[in-house]
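Structure assessment
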Amino acid sequence: MSSHELSTGFERQRSALLDYFGFGSQQGVDRLRETQLSQAEQHLIANLVLYNIGILVLGGAASFAMARRTLRPLEQAMEAQSRFTADASHELRTPLTAMQTEIEVALRAHNLTVAEAKEQLASNLEEVAKLQALSNGLLALANQDAEHFVPRRLSIKSILDQAIKNSATAAKQKEVVIDNQAGNVSVLGDKDSLVQLFAILLENAIKYSPPKTTITISSQVKGNNAHIAVHDQGHGITPSDLPHIFERLYRADSSRTKEKVNGYGLGLSIAKKIVELHCGAIDAISQEGKGSTFTVRLPLAPAEPSEQKTV
Ligand code: ADP
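Here the structure is a predicted model, which means the values were calculated and not measured.

**Here we look at the overall build of the chain**
What the chain contains, in helices and strands, is 6 helices and 7 strands. Walking the chain from its N terminus toward its C terminus, one meets helices and strands in the order α-α-α-β-α-β-β-α-β-β-α-β-β. Principal axes of the C-alpha set define a box for the chain whose edges measure 125 × 75 × 40 Å. Burial status across the chain gives 31% buried among its 311 residues. Long-range contacts, defined here as pairs at least 24 residues apart, represent 72% of the contacts in the chain between residues at least 6 apart. Of the side chains in the chain, 32 bear a positive and 34 a negative charge, and the two mean positions are spaced by 4 Å.

Right under this line is the structure:
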């Protein structure tokens, strides 16, 4: 097309030169036209080849970069999934290995007394309880999905009362006082899941606090959300652990507490999943040696005409 355009333009110029000025022979002008046309054609082909190669390289590089960007979250999710499977298998293997060794030793003993056998069974029962706790946690994590979620208008007060009731035995054993100062706000959510969420936070606050301390629950309404905070006077969380505590199977180094605290690092990941299903958020702030505050943000239920908000 470009050659054709050039040729047409040249033809017009030639006619103009011949008609108006009468100089230049027919052959001379034709030769000049042929030379210029073939040069222009060569330039065009060279440029077309170069531009096409450039576009091909740029397009390829851009496609590669875009594909990498699109696939990165998928890759990260797969990595997280396989890390979780490996961690979960490791957690399951530990009590199983302990039980296997104990049973093998007991079977090899020639004169095992009834008392020793009972001791053995009691120890095995402890390991079974650990396995049960772990499988319950994993199941709870898997079951937290939109299908099991029945949103209703709920009063935060009744949810907190139930969660406090569930944690009462643990609190009593440690002589920890739970001071509930939360007001009566209504949120939209699934009752069982929300009770489980606050029971997890209270259980942790009790577990990671010294005896005879106080856990305070407070609430605030900000915009269209209720903010419910659970504050404890425990040993706190280090800045290096804080960004990871909501990850599945993550446990901060408990050696600092000088006491072995039971758990599998599943509680807060279950809590996070529950909050996300409620279109809310959860975060934690902590000061080592002074305590931690976990704040849950939940969307408020649409106000009823007769309802009075008291916070
Ligand atoms: P678990 O308590 O079973 O270890 P979680 O997922 O509930 O698992 O918590 C993850 C980690 O976060 C815990 O191992 C603990 O180190 C830290 N943590 C959670 N809540 C608190 C708290 N209230 N005070 C101090 N540390 C906490």
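Past the structure itself, the notes keep going.
**A closer look at the side chain of Thr295**
For Thr295, the position within the fold is in strand S7 (residues 291–299). Look past the residues within four positions of Thr295 in its chain and what remains in contact with it is His227, Ile228, Ala229, Ala281, Ile282 and Asp283.

**Section: the pattern of salt bridges**
Pairing of side chains with opposite charge becomes possible as their charged atoms draw close. A full pass over the atoms with the stated rule returns 4 salt bridges. Among the salt bridges present, the one from Arg72 reaches Glu75, with a minimum N-O distance of 3.9 Å. Taken together, the residues Arg72 and Glu75, both in helix H2 (residues 26–108) and 3 residues apart, mark about one turn of the helix. Notably, a salt bridge pairs Lys157 with Asp161, separated by 4.0 Å at the nearest N-O pair. In this pair, Lys157 and Asp161 are both assigned in helix H4 (residues 156–173), 4 residues apart and thus about one turn of the helix distant. Residue class for Lys157 comes out partly exposed when judged on its relative accessible area of 37%.

**Structural notes on a nonpolar patch on the surface**
There is a patch of nonpolar side chains on the surface, built from Ile45, Val49, Ile53 and Val57 and spanning about 370 Å² of accessible area. In this fold, Ile53 is placed in helix H2.

**Some points on the site of the ligand**
Near the ligand you find 19 residues, and of these Asn204, Tyr208, Asp232, Arg251 and Leu268 are the closest. At 2.5 Å from an oxygen atom of the ligand is found a side-chain nitrogen or oxygen belonging to Arg251. About the coverage of the ligand: the protein hides 96% of its 530 Å² of free accessible area. For the shell around the ligand, the elements supplying multiple residues, two or more each, are helix H5 (191–207), helix H6 (267–277) and S7. The dominant element in the shell around the ligand, judged by the number of residues it contributes, is H5, at 3 residues. Class assignment of the residues belonging to the shell around the ligand gives a composition of 10 nonpolar, 6 polar and 3 charged.

**Focus on the environment of Gly223**
Inspection of the secondary structure assignment puts Gly223 in the loop between strand S4 (214–222) and strand S5 (225–231). Judged by relative accessible area, which is 64%, Gly223 ranks as exposed. Separated by 76 residues in sequence, Gly223 and Pro299 place their C-alpha atoms 9.2 Å apart.

Rules used throughout
Residues numbered from 1 in each chain as written. Predicted model: local features only at pLDDT ≥ 70, side-chain atom pairs only at ≥ 80, totals over all residues. Heavy atoms only, no water. Helix = DSSP H or I, 4+ residues; strand = E, 2+ residues; numbered from the N terminus. Buried < 20%, exposed > 50% of the residue type's maximum accessible area, 1.4 Å probe, protein only. Contact = heavy atoms within 4.5 Å. Lys, Arg positive; Asp, Glu negative; His and termini not counted. Charge placed at Lys NZ, Arg CZ, Asp CG, Glu CD. Salt bridge = Lys/Arg side-chain N within 4 Å of Asp/Glu carboxyl O. Patch = residues over 30% accessible without salt bridge, like charges linked within 9 Å, V, L, I, M, F, W, Y side chains within 5 Å. Areas by Shrake-Rupley, 256 points an atom, 1.4 Å probe, with all protein chains shown as cover. Near = heavy atom within 4 Å. Polar contact = N/O pair within 3.5 Å; in protein donor to acceptor, adjacent residues only side chain to side chain. Nonpolar A, V, L, I, M, F, W, Y, C, P; charged D, E, K, R; others polar.

Read these as geometric descriptors, not functional statements.
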